[in-house]
Amino acid sequence: MSDKSHPAKAEAQAEAAAAMQAKGRTKGHKMPGSVANGGMADAERDILAELDKALGEHVALLLRWNRKLVLPDSPAPDTEDDDHDCDFGAWYALNRHNRLIDQPAMHALATTHQQLHDSAKRLLSARDVDNEVDSAEFDMMALRAESFFAQLRRLERAFRTARSDVDPLTGTYNRQTMMGDLNAERERAIRTEVPTAIALVDLDHFKSVNDTYGHQAGDIVLQSVAGILQSHVRPFDKVYRYGGEEFLICLPNADMKQCARVLERLRRVIEASPVTISDETILPVTASIGAAPMTKSRTTEQIIEKADRALYAAKEGGRNRVRVWRSPDGKAAPTAPKHGKNAP
């Protein structure tokens, strides 16, 4: 949404747009888009789309930077000595004076973004000059990447909250936005041939918590587990409140072996984090988890159904365990590493 009540800002936006157009003609970059001039909902939608795109863009950039550092003969990343050498940088420069973007959290994200690119440039330049990789600089780039992804996710969550896309109890995304996100991830996985998985997390014996200690205690348990899931998944994973005591996790860029590792880590953290209900009551909590990969031959609904069948296998196997479908198009039973006291 452009701010026409501030001529200086409008003029700055016009100059930025002209600069972007000139840069695009000479460099072949895709033109960044202006935030919608329509209603607030349209502007928030555009910003959310750009934040999501920025995450994928920088995951890909990190992979290319690391490949260049490890394999110096590989093609050089698309970076140049200018103010913004990626789509997100160009988009921010064009829209930074929009009133939804002209706020401290967004400017802090842009600063971290620039620091990340600067660190990558220093690493790549030094690698070209002396064939060495500075370990301290590499660690700094990794920390800035982690900070960029975390800040980006917080901003995305804030904008989604404004659009009522977040479950008010747990702070996870809700089912209102889930299917659209999952369908988009499935299309991306098919287009890029990058493995992606869906997982269902179900709290064990949750009904007995509500029956014994009351629904307020159950809410505390749900909030605690939601916090664990959101803080221990990877920066580009998404957690949704699927219903009741169930959560759904979308895991892009993860084959089933990676998926099993991530989910097993979550299971262990949940098991090791009893929930304090009162001074006298601390409840142990465990979760059963089932997962399935996204495939071209199955719809999103069918993939969720496969994850649900894997979850059922985890429950039937004794609870507090992970089960994954490694070949969802075949008839193989779900499998996962043995663990826990009840492992067969």
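Check the entry above for the structure.
Report follows, based on the coordinates.

Basis of the calculations
- For every chain, the first residue of the written sequence is number 1, and numbering continues from 1 onward in sequence order.
- Two thresholds apply to this predicted model, a pLDDT of at least 70 for residue-level local features and 80 or more for giving and counting side-chain atom pairs, whereas whole-chain, interface and lining totals are computed over all residues.
- With hydrogens and water excluded, all non-hydrogen atoms of the structure serve as input to the side-chain values.
- A pair of strands is labelled paired if DSSP reports no fewer than 2 bridges between them.
- Numbering of helices and strands runs from the N terminus; a helix is a DSSP stretch of H or I covering at least four residues, while a strand is a stretch of E covering at least two.
- Only C-alpha atoms enter the line fits that serve as axes; for helices the fit covers just the stretch in contact. Angles between N-to-C directions range over 0 to 180 degrees.
- What makes two residues a contact is simply this: any of their non-hydrogen atoms within 4.5 Å.
- Pairs were defined over the aromatic rings of Phe, Tyr and Trp, the Trp ring being its six-membered one, requiring ring centres within 6.5 Å. Orientation was assigned from the angle between planes: stacked under 30 degrees, edge-to-face over 60, tilted for the rest.
- Throughout, exposure labels follow a simple rule: accessible area from a 1.4 Å probe, protein chains only, divided by the maximum for the residue type, with under 20% read as buried, over 50% as exposed, and the rest as partly exposed.
- Only protein atoms enter the 1 Å grid, on which a cavity is a set of points fitting a 1.4 Å probe that cannot get out and a pocket is an open set with protein on both sides within 12 Å along at least 5 of 7 lines, lining residues being those with an atom within 4 Å of a point.
- Grid points are joined across faces, edges and corners, and a volume is the space filled by probe spheres set on the points.
- All amino acids are sorted into three groups, where Ala, Val, Leu, Ile, Met, Phe, Trp, Tyr, Cys and Pro are nonpolar, Asp, Glu, Lys and Arg are charged, and the leftover types, Gly among them, are polar.
- Every crossover in which the path from the first strand over the helix to the second runs clockwise, viewed with the strands pointing away from the viewer, is termed right-handed.

### What to know about the sheet that holds strand β7 (residues 322–324)
Okay, so step 1: The sheet built from five strands is open, its strands ordered β2-β3-β1-β6-β7 with mixed pairing. What marks the edges here is a single partner per strand, and that holds for β2 (238–243) and β7. Here the strands of the sheet are splayed against their neighbours by 20° on average, with no regard to which way each runs.
Okay, so step 2: Across three bridges, the pairing between strand β6 (residues 287–293) and β7 is parallel. Following the sheet pairing, Ile 289 is matched in β7 by Val 322.
Okay, so step 3: Set on the sheet, helix α9 (residues 256–271) makes contact with β1 (197–203), β3 (246–251), β6 and β7; between it and β6 the angle comes to about 165°.

### A look at the packing of aromatic side chains
Okay, so step 1: According to the stated counting rule, one finds four aromatic pairs in the structure shown.
Okay, so step 2: Here the aromatic rings of Phe 148 and Phe 149 are separated by 6.0 Å at their centres, their planes lie at 55°, and the arrangement is tilted.
Okay, so step 3: You can call Phe 149 buried: its relative accessible area is 6%.
Okay, so step 4: When the ring of Tyr 173 is compared with that of Tyr 240, the centres are 5.6 Å apart and the planes differ by 50°; the resulting orientation is tilted. On the criterion of sequence distance, the pair formed by Tyr 173 in the loop between α5 (135–162) and α6 (175–192) and Tyr 240 in strand β2 is long-range, its members being 67 residues apart.
Okay, so step 5: According to the relative accessible area criterion, Tyr 173 is buried, its value standing at 4%.
Okay, so step 6: Through a chain of ring-to-ring contacts, three or more aromatic side chains come together here, namely Phe 88, Trp 91, Phe 148 and Phe 149.

### A word on the layout of surface pockets
Okay, so step 1: Of the pockets and cavities examined, the largest pocket occupies roughly 600 Å³.
Okay, so step 2: Elements that contribute at least two residues to the lining of the largest pocket include exactly α2 (40–70), α5, α8 (215–232) and β2.
Okay, so step 3: Counting residues per element, the lining of the largest pocket draws most heavily on α5, at eight residues.
Okay, so step 4: Its residues assigned to classes, the lining of the largest pocket shows twelve nonpolar, three polar and seven charged.

### Thoughts on the environment of Leu 311
Okay, so step 1: If you trace the backbone, Leu 311 turns up in helix α10 (residues 300–316).
Okay, so step 2: Along the primary structure Leu 311 and Ala 292 are separated by 19 residues, whereas in three dimensions their C-alpha atoms are 9.7 Å apart.
Okay, so step 3: In contact with Leu 311, other than residues within four places in its own chain, are Leu 200, Asp 202, Glu 246, Ser 288, Ile 289 and Gly 290.

### Topic: the pairing of β6
Okay, so step 1: For β6, the tally of buried residues reaches seven of seven residues, placing the bulk of the element in the interior.
Okay, so step 2: Going residue by residue along β6, you find Ala 287, Ile 289, Ala 291 and Pro 293 tucked away on one face and Ser 288, Gly 290 and Ala 292 tucked away on the opposite face as well.
Okay, so step 3: Bridge analysis of β1 against β6 gives seven bridges, and the strand direction is antiparallel. The residue of β6 that forms the bridge with Ala 197 is Pro 293.
Okay, so step 4: Regarding topology, α10 serves as the crossover connection from β6 to the parallel β7, and that connection is left-handed.

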